[in-house]
Amino acid sequence: MSRIGRMPIAIPDGVTVTIAENNQVTVKGPKGTLERVLPAEMEIKQEGAEILVSRPNDLKKMKSLHGLTRTLINNMIIGVTEGYSKTLEINGVGYRAAKSGKKLTLTLGYSHPVEMTDPEGLESTVDGNKIIVKGIDKEKVGQYAAEIRSKRAPEPYKGKGIKYEDEVIRRKVGKTGKK
């Protein structure tokens, strides 16, 4: 049995969950509304103040979908109550980030500034050399943070670039001169 899949999901106060046909799940909370179509094979039931996810049989595909479905619903509930955020750090001489309106401007050592617009439902803020991406959809927050990081991923010799706050860069030893 899937250890994650069989755990019930508690619905906190102020959150409403609606399960329509074809497993269309809508979660409304204080921070907003999230909607998602989940795998049709899974059976999603709401009993009182919790949600239970069950699978029809023990095929490998069903086992993997079981835990996934439960986690997706749980992430939606956490998103509309607390929200998600990712913090990125900019390291490097002359590397900067600036924010004006919904536009994020990155100066990353290229011949031109890199401009990015915040996607719908996400908000990014700049605090010194840190960029904080916030939103209610975990998937979108992670995707946008990854796109920002990909503009100048950290390099292993000097550690310059954009990295996640909790990311550890494995450093390499540079070239040694002739003796």
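Each remark here, short or long, concerns the structure printed above.
In this report, we go over the structure that sits alongside the text. (Residues numbered from 1 in each chain as written. Predicted model: local features only at pLDDT ≥ 70, side-chain atom pairs only at ≥ 80, totals over all residues. Heavy atoms only, no water.)

Looking now at the sheet that holds strand 5 (residues 43-47). Pairing in this open sheet of 3 strands is antiparallel, and the strands run 1-6-5 from one edge to the other. With partners counted over all chains shown, the strands left at the sheet margins are strand 1 (9-10) and strand 5, one partner each. Examined bridge by bridge, strand 1 and strand 6 (residues 50-54) share 2 bridges and lie antiparallel to one another. When the bridges of strand 6 are listed, I9 appears paired with I51. This element, helix 1 (residues 60-81), spans strand 1, strand 5 and strand 6 of the sheet and lies at about 160 degrees to strand 6. (Pairing = 2+ DSSP bridges. Helix = DSSP H or I, 4+ residues; strand = E, 2+ residues; numbered from the N terminus. Contact = heavy atoms within 4.5 Å. Axes fitted to C-alpha atoms, helices over the stretch in contact; angles between N-to-C directions.)

In this structure, V17, V25, V27, I44, I51, I73 and I77 are the most contacted members of the largest nonpolar core, which totals 20 residues. Elements with a minimum of two residues in this core: strand 3 (24-29), strand 6 and helix 1. At 7 residues, the largest contribution of residues to this core is made by helix 1. Ignoring anything within four residues of it in the chain, the contact list for I51 reads P8, I9, I11, V17, I44, K45, Q46, I73 and I77. If you look at the next biggest cluster of nonpolar residues, it comprises 18 residues, including Y84, Y95, V133 and I162. (Core = buried A, V, L, I, M, F, W, Y, C linked by side-chain atoms within 4.5 Å. Buried < 20%, exposed > 50% of the residue type's maximum accessible area, 1.4 Å probe, protein only.)

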